[in-house]
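# Examination of the molecular architecture
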Amino acid sequence: YRGARGGANIGRTREIWPARDGYVSFGLCGGPARVPGLRALVAWMLESDAAPSWLRDRDWAAFRADTSDDAELAGLEAALGAFFASRTLRQLCDGALDRRIPLAPCNDASEVLAHPQLRERGFFTTLEYPEFGAAIEHPAFFAKASGFTIGIRRRAPRIGEHNDEVYRALGLEPEEIEKLVVEGVI
C-alpha cells in the first residue's frame, strides 16, 4: 500500500526505491533475517562515501521499523534513497549480489522477457492462439519442484469455449444441452 511518505511500503517502510534508471526493491525492515543485508548495505555505502556518519554505528540488531518514529524512518529513507538514486540498476543489482544484500530490480514486462536467467531456466513457454494466427510467449511456472511439474497446460479459454465440457461434467446429456441452447438459456 502507499504509506505516509508516499512510496510503496510494506508496513511502515519503503520497499520500492528509485534508482538512476529504474526502480529496485529493498525492504527497510528489521529482524534477524534482515540484519546481515542492512549491515552489508551500510558497509557498501561507507566504501562509497555515501553514508552519513550517524549511519556508521547504527545497531541494526535492535532496529524495528514498527517501533521507530517517523523522523528516524525519514532519515533512514533519505540516506538509503540517495544511495539507490545515485546508481544504475546494474550497479545496484551487481553490487547487492556480490554483497549478499536482498535487493532486486523492478522489471517491466520487456525486461522480464529478456532476462537471461529466466531464459536459461526455461521460464517461458509459447502457446498457440490459432484464432489470432499467433503464438504468444507466457511465463510457464512460478516455481520449480521435484517430483511434479507446475505450469501452464494450455492457453486460457475463450468465453464459452469449454461450456460443453462443463455441462457434461455437471451430468447434462447432449440432448439436454442442445435444448438449453435452443431455448437461449445457455
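Since the model is a prediction, treat every value here as computed from it, not as a measurement.

What follows covers the overall build of the protein chain. Per the secondary structure count, the protein chain includes eight helices and seven strands. By the compact-globule yardstick of 16 Å for 186 residues, the protein chain is too spread out, its C-alpha radius of gyration being 25 Å. For the protein chain, the C-alpha atoms occupy an extent of roughly 80 × 35 × 35 Å along the three principal directions. Pairs at least 24 apart in sequence give 48% of the contacts found in the protein chain among residues at least 6 apart. Total accessible area on the protein chain stands at roughly 12,000 Å², and carbon and sulfur atoms take up 54% of it. Each charge class in the protein chain can be summarised by its mean position, and for the 23 positive and 27 negative side chains these summaries are 6 Å apart.

For the rest of this paragraph, the subject is the sheet that holds strand β3 (residues 16-19). In any sheet, the strands associate via hydrogen bonds between backbone groups, in a parallel or an antiparallel arrangement. Spatially, β3-β4-β5 is the arrangement adopted by the three strands of the open sheet, whose pairing is antiparallel. The open sheet has two edge strands with one neighbour each: β3 and β5 (104-105). Here four bridges tie β3 to strand β4 (residues 22-25), and the two strands are oriented antiparallel to one another. Bridged to Trp17 within β4 is Val24.

Attention shifts here to the pairing of strand β6 (residues 124-129). Pairing geometry for β6 and strand β7 (residues 134-139), over six bridges, is antiparallel. Its bridge partner lying in β7, Thr126 is registered against Glu137. Joining the antiparallel neighbours β6 and β7 is a turn of four residues, in which Gly133 adopts a positive phi near 65°.

One non-glycine residue, Asp49, adopts positive backbone phi at about 55°. Inspection of the secondary structure assignment puts Asp49 in the loop between α1 (35-47) and α2 (53-56). Classification of Asp49 by relative accessible area gives exposed; the value is 73%. In this structure, Arg100 is a non-glycine residue whose phi angle is positive, near 60°. Checked against the element boundaries, Arg100 lands in the loop between α4 (89-99) and β5.

So, on to the confidence of the model for the protein chain. Per-residue confidence for the protein chain gives a mean pLDDT of 89, with 94% of residues at or over 70. Predicted confidence is poor over residues 1-10, with pLDDT under 50, and the contacts of this stretch with residues over four places away or in other chains come to 24 contacts.

What follows is about the side chain of Arg155. Among the structural elements, Arg155 can be located in the loop between β7 and α7 (163-169). Of the polar contacts made by the side chain of Arg155, one reaches the side chain of Glu161; its length is 3.0 Å. The contact partners of Arg155, leaving out residues within four places of it in the chain, are Leu127, Glu128, Tyr129, Pro130, Glu131 and Glu161.

By the element assignment, Arg158 lies in the loop between β7 and α7. Under the relative-accessibility criterion, Arg158 is labelled partly exposed at 42%. Considering only alpha carbons, one finds Arg158 and Ser68, 90 residues apart in sequence, at a separation of 51 Å.

The subject of this paragraph is the nonpolar core. The biggest cluster of nonpolar side chains holds 29 residues, and the ones touching the most others in it are Phe26, Leu41, Leu55, Trp60, Leu80, Phe84 and Leu103. The greatest single-element share of this core, amounting to seven residues, is contributed by α1.

Turning next to the packing of aromatic side chains. By the definition in use, this model includes eight aromatic pairs. Note on Phe123 and Phe124: the rings are 5.1 Å apart at their centroids and 80° apart in plane angle, and the pair reads as edge-to-face. For Phe124, a relative accessible area of 13% puts it in the buried group. Through pairs of rings, three or more aromatic residues link up here, namely Trp17, Phe26, Trp44, Phe83 and Phe84. Sitting above the plane of the Trp17 ring, Arg14 keeps its charged end 5.3 Å from the centroid. Against the face of Trp60 rests Arg58, its NZ or CZ located 5.1 Å from the ring centre.

Calculation notes
Residues numbered from 1 in each chain as written. Predicted model: local features only at pLDDT ≥ 70, side-chain atom pairs only at ≥ 80, totals over all residues. Heavy atoms only, no water. Helix = DSSP H or I, 4+ residues; strand = E, 2+ residues; numbered from the N terminus. Rg over C-alpha atoms; globule rule 2.2 N^0.38 Å. Contact = heavy atoms within 4.5 Å. Areas by Shrake-Rupley, 256 points an atom, 1.4 Å probe, with all protein chains shown as cover. Lys, Arg positive; Asp, Glu negative; His and termini not counted. Charge placed at Lys NZ, Arg CZ, Asp CG, Glu CD. Pairing = 2+ DSSP bridges. Buried < 20%, exposed > 50% of the residue type's maximum accessible area, 1.4 Å probe, protein only. pLDDT = per-residue confidence, 0-100. Polar contact = N/O pair within 3.5 Å; in protein donor to acceptor, adjacent residues only side chain to side chain. Core = buried A, V, L, I, M, F, W, Y, C linked by side-chain atoms within 4.5 Å. Phe/Tyr/Trp six-rings, centres within 6.5 Å; stacked < 30°, edge-to-face > 60°. Lys NZ or Arg CZ within 6 Å of the ring centre and 35° of its normal.

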